[in-house]
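Tertiary structure, described
Take a look at the letters that make up each chain.
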Amino acid sequence: MTDDLSFLRAQARTQRFTLGTPRQFQVTPDGGRVLFLRSESGVDRRNSLWQLDVTTGEESKLVDAAELLPGEEDLPAEERARRERTREMSGGVVGFATDAACSVAAFSLSGRLYTADLTTGAVRMLVDAAVIDPRPNPQGTHVAYVADRRVHVVELATGDDRVVAGPEPTEGEDVGWGLAEFIAAEEMRRVRGYWWSPDGRSLLAARTDRSEVPRWHIADPANPASPVNTVAYPAAGTTNVAVSAAVVTLDGERVDVPAGEWEYLVAVHWSAGGPPLLTVQSRDQKTLEVRALDVTDGSTRVLHTEQDPDWVEIVTGVPAWTPDGRLVRVGVADGAYRLFVDGTAVTGTDLQVRSVLDVGDEVLFSASGDDPTQIHVYRTDSGTVRRLSEGMGVHNGAGTVDAAVLASWSPDYAGIGVSVLRGGERVAGIASVAADPGIEPNVHWLELGERALRAALVLPTGHAPGDGTLPVLLDPYGGPHAQRVLRSRNAMLTPQWLADQGFAVLVVDGRGSPGRGPAWERAMAGDLGDVALADQVDALHAAAERFGDLDLDRVAVRGWSFGGYLAAAAVLRRPDVFTAGVAGAPVTDWSLYDTHYTERYLGHPDEAPEVYERNSLITDAPKLERSLLIVHGLADDNVFVAHALRLSSELLAAGRAHTFLPLAGATHMTPQAEEVAENLMLTQVRWLKEQLGVEVGA
């Protein structure tokens, strides 16, 4: 593909070579079919709903998004916000839900509610409104959805549409039902706001009240006639959205669930194995409780409490009931994230459990072993554990232990490989039509320094160690909760392009990154900047000891989000190491970032103001001796452009020269328009070469 397009334009057009990859797999109860989403090609943004016949291997399209909506989508504001939180960039059918038997699927397209009969293939539009998150009940008789801050239910047989949960007329626009609030979606990975009962006759719906949350305003300076976007943003130390819930029935009855003494509603699980489970967390995140809900009176009782002197980590997919009523959870024991079933640890300390993928009689989950750059899929087996995924790489899963779908990325091939397993054996595959990047990264996978920091050193294509010195470009994320060093060819595509511009590119995961256990993660408690920066510097020096081609007199760093914070910190705090830094969408003042993320690591700003000052870059502005390029989207509602503006203002006041590049209309996701994406990267590379004294064009 890159023969006709530059790599950068191809990467933007293909959404980082993800278009055309199958996704969101759901296996039918008999294991005979797999439902999934996929676009028509590697450049088509519109996903359609497909199914695979596992026995024959035949794929068939159930819902054609282009046929239903030939033109452009018109998304409700709540759906645009939801996609921003989940970093969803594609279109068409981006999500679907089914009943328990997989006989009917519900999905929204351009705000309209559709259902697909998975037996006959018939597709019909049920509601022409601003529909969010439609979900059938387990019996397939009704579909719930959210519109206008209310939870609606449609009866499929009659088309009767009623509101089952919504704000009272006196409550105004600050109260909503059935949607995840900003903090839940952005930081806790809870993107749902209502849950069906197993009998399909009632729902548990979350109620959110943002009336006390500060209002922040995002203007569009490039279009001054456009209205200001006002958002409720709970910055560190301020008031969160108040979250409570209620059980509502199709007959109009309602049982309120008081908010209790907790701050955050982390997760909800409702299955036939037991009463509804509410997972809640305290404001300081040092206590997490699993509570059982009595649907008759709204009271809850504590089933399990997890505590930690720093914070309790949230693991997706748990807690949950097995069909016979055993509680499945993940907790810390003996220095590892371990899977517990009915109070007994099933995994040992040799695994770090990443997520729970399915809970049935047995449990399907993902975990890392002694190599955190790899993630594998495992199953429980009568109290033991068995690995299902094979080969080096990053693997994810869906379905059940008996009929599992494995999605795999590897350093040995581009894109994704999808396998369907029965009894642990491969019986079918699902095709990917993603574009081939046409790049084979020249990667050295490393463990560096006394902390065995996992790193990837990417050299120009054809360059072997000893071929000559190269300027060094660090390309980290570097913060907690995320990894860059993964055994996947696709993960190294951008670093390889950067290397081919004449750099030795070093990507390092330091302390705080997942996959190495709770102690490794908690090393960042109270100190986000210096810990992260020390690991990057240590890795750089250790890599240079092993590879003489790395020119330590010409070192630059670039990053986005936390990586942007780290890049700015590098040139401000370690000018002895770094010559230049590109800080994209950087957090510069942690008092401007959200409650859940920031307070997890730094505490409450009223209780630890000195911690916030120590981790802020604003007070470092007068120290700038090196070159700094700041890039920020003006429409960013996650890391607001105020971060960049405040740092730039302090730099100017201190007489410190720097460059500031604002991106009109851009959110926290990097720009996707082909020409903008290409020119933004070319601008960075050209600037970096100028600062390092490298001939531009070399």
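Residues numbered from 1 in each chain as written. Predicted model: local features only at pLDDT ≥ 70, side-chain atom pairs only at ≥ 80, totals over all residues. Heavy atoms only, no water.

1. A short note on the overall build of the protein
Helix and strand counts for the protein stand at 12 helices and 44 strands. Taken over C-alpha atoms, the radius of gyration comes to 25 Å for the protein, in line with the 26 Å a tight globule of 698 residues would show. In terms of its C-alpha atoms, the protein occupies a principal-axis envelope of roughly 70 × 55 × 55 Å. In the protein, which comprises 698 residues, the proportion classed as buried is 59%. Considering only residue pairs separated by 6 or more positions, the protein has 58% of its internal contacts joining residues 24 or more positions apart. Accessible surface, the protein as shown: approximately 26700 Å² in total, 47% of it carbon and sulfur. Side chains of the protein give 62 positive and 98 negative charges; the mean places of these two sets differ by 1 Å. (Helix = DSSP H or I, 4+ residues; strand = E, 2+ residues; numbered from the N terminus. Rg over C-alpha atoms; globule rule 2.2 N^0.38 Å. Buried < 20%, exposed > 50% of the residue type's maximum accessible area, 1.4 Å probe, protein only. Contact = heavy atoms within 4.5 Å. Areas by Shrake-Rupley, 256 points an atom, 1.4 Å probe, with all protein chains shown as cover. Lys, Arg positive; Asp, Glu negative; His and termini not counted. Charge placed at Lys NZ, Arg CZ, Asp CG, Glu CD.)

2. With respect to the environment of Arg-9
In this structure, Arg-9 sits in helix 1 (residues 7–13). The partly exposed category is assigned to Arg-9, whose relative accessible area is 27%. Along the backbone, Arg-9 and Arg-686 are 677 residues apart, and their C-alpha atoms lie at a distance of 17 Å. Once residues within four sequence positions are removed from consideration, Arg-9 is found in contact with Glu-674, Glu-675 and Glu-678.

3. A few points about helix 9 (residues 595–602)
Along helix 9, 8 of the 8 residues are buried, which leaves the element largely enclosed by surrounding structure. Within the span of helix 9, buried status applies to Thr-595, His-596, Tyr-597, Thr-598, Glu-599, Arg-600, Tyr-601 and Leu-602. Gly-603 occupies a position one or two residues after helix 9 and carries a positive phi of about 80°.

4. Some words on the nonpolar core
Grouped together as the largest cluster of nonpolar side chains are 75 residues, with contacts concentrated most on Leu-506, Phe-578, Trp-590 and Leu-628. The residues contacting Trp-590, other than those within four sequence positions of it, are Ala-236, Leu-528, Phe-562, Tyr-565, Tyr-597, Thr-598, Leu-602, Tyr-612, Asn-615 and Ser-616. (Core = buried A, V, L, I, M, F, W, Y, C linked by side-chain atoms within 4.5 Å.)

5. Thoughts on the pattern of salt bridges
Summed over all chains, the structure comprises 44 salt bridges. Across the pair Arg-162 and Asp-160 runs a salt bridge, and its minimum N-O distance is 3.0 Å. Assessed through its relative accessible area of 35%, Asp-160 is described here as partly exposed. Close ionic contact of Asp-551 with Arg-554 constitutes a salt bridge, the shortest N to O distance being 2.8 Å. You can call Arg-554 partly exposed: its relative accessible area is 21%. Through salt bridges with shared partners, one network takes in Glu-450, Arg-451, Arg-511, Asp-535 and Asp-538. (Salt bridge = Lys/Arg side-chain N within 4 Å of Asp/Glu carboxyl O.)

6. Concerning the sheet that holds strand 21 (residues 264–269)
The antiparallel open sheet is built from 4 strands, whose spatial order is 21-22-23-24. On the outer flanks of this sheet lie strand 21 and strand 24 (300–307), each paired with one strand and no other. Between one strand and the next, the sheet's axes are offset by a mean angle of 20°, whatever the strand orientation. Two strands pair when backbone bridges link them, and strand 21 and strand 22 (residues 277–281) are joined in this way by 5 bridges, in the antiparallel orientation. Pairing of Leu-265 across the sheet is with Val-280, part of strand 22. (Pairing = 2+ DSSP bridges. Axes fitted to C-alpha atoms, helices over the stretch in contact; angles between N-to-C directions.)

7. Remarks on the packing of aromatic side chains
Under the definition given, this model contains 18 aromatic pairs. Taking 5.4 Å as the distance between ring centres and 90° as the angle between the ring planes, the aromatic pair formed by Tyr-593 and Tyr-597 counts as edge-to-face. A connected cluster of aromatic rings, assembled from ring pairs, spans Trp-311, Tyr-477, Phe-562, Tyr-565, Trp-590, Tyr-593, Tyr-597 and Tyr-601. Stacked on the ring of Trp-50, the Lys or Arg Arg-38 has its end atom at 4.4 Å from the ring centre. In this structure, Arg-329 packs its charged tip against the face of Phe-340, placed 4.2 Å from the ring centre. (Phe/Tyr/Trp six-rings, centres within 6.5 Å; stacked < 30°, edge-to-face > 60°. Lys NZ or Arg CZ within 6 Å of the ring centre and 35° of its normal.)

8. Quick notes on helix 12 (residues 674–692)
Along its 19 residues, helix 12 runs 27 Å from first to last C-alpha, staying within 8% of the 27 Å computed at 1.5 Å per residue. All of the buried residues in helix 12 are Glu-674, Ala-677, Glu-678, Leu-680, Met-681, Gln-684, Val-685, Trp-687, Leu-688, Lys-689 and Leu-692. In the segment just after helix 12, Gly-693 is the residue with positive phi, at about 75°. (Expected span 1.5 Å × (residues − 1).)

9. With respect to the environment of Leu-364
Locating Leu-364 in the fold gives a position in strand 30 (residues 363–368). Its relative accessible area of 0% is what places Leu-364 among the buried residues.

10. A look at the sheet that holds strand 9 (residues 123–128)
Sheet strands pair by backbone hydrogen bonding; their relative direction is either parallel or antiparallel. Pairing is antiparallel in the open sheet, where 4 strands are placed in the order 6-7-8-9. Bordering the open sheet on either side are strand 6 (97–98) and strand 9, each of which pairs with just one other strand.

11. Thoughts on the side chain of Asp-44
Topologically, Asp-44 is positioned in the loop between strand 2 (33–39) and strand 3 (46–53). Here Glu-40 takes part through its backbone nitrogen, which lies 3.5 Å from a polar atom of the side chain of Asp-44. Side-chain polar atoms of Asp-44 contact the backbone nitrogen of Arg-46, separated by 3.0 Å. When residues no more than four places from it in sequence are discounted, the contact partners of Asp-44 are Leu-19 and Ser-39. (Polar contact = N/O pair within 3.5 Å; in protein donor to acceptor, adjacent residues only side chain to side chain.)

12. So, the pairing of strand 41 (residues 550–560)
The pairing of strand 39 (residues 470–474) with strand 41 spans 5 bridges and is parallel. Looking across to strand 41, one finds that Leu-470 is bridged to Leu-550. Bridging between strand 41 and strand 42 (residues 580–584) involves 5 bridges; their strand directions are parallel. Bridge pairing in strand 42 links Arg-558 to Val-582. Traced from strand 41 through helix 8 (residues 562–573) to strand 42, the parallel crossover comes out right-handed. (Right-handed = clockwise from strand over helix to strand, strands pointing away.)

13. Re the pairing of strand 10 (residues 132–136)
With 4 of 5 residues buried, strand 10 is to be regarded as a mostly interior element. The sheet contact formed by strand 10 and strand 11 (residues 142–147) spans 3 bridges and is antiparallel. Considered in strand 11, the bridge of Pro-136 is made with Val-143. If you look at the hairpin formed by strand 10 and strand 11, you'll find 5 residues sitting between the two strands, and Gly-140 has a positive phi there, around 75°.

14. Quick notes on the packing of helix 7 (residues 529–546) against helix 8
One can describe the packing of helix 7 onto helix 8 by two numbers: an axis separation of 10 Å at closest approach and a directional angle of 75°. Taken together, the axis directions place helix 7 and helix 8 in an arrangement best described as roughly perpendicular. Facing helix 7, whose interface residues are Gly-529, Asp-530, Ala-532, Leu-533 and Gln-536, helix 8 presents Phe-562, Tyr-565, Leu-566, Ala-569, Ala-570 and Arg-573. Partitioned by chemical class, the residues of the contact of helix 7 with helix 8 number 7 nonpolar, 2 polar and 2 charged. (Parallel < 35°, antiparallel > 145°, perpendicular 65-115°, else oblique. Nonpolar A, V, L, I, M, F, W, Y, C, P; charged D, E, K, R; others polar.)

Remember, this is a structural readout, not a statement about activity or role.
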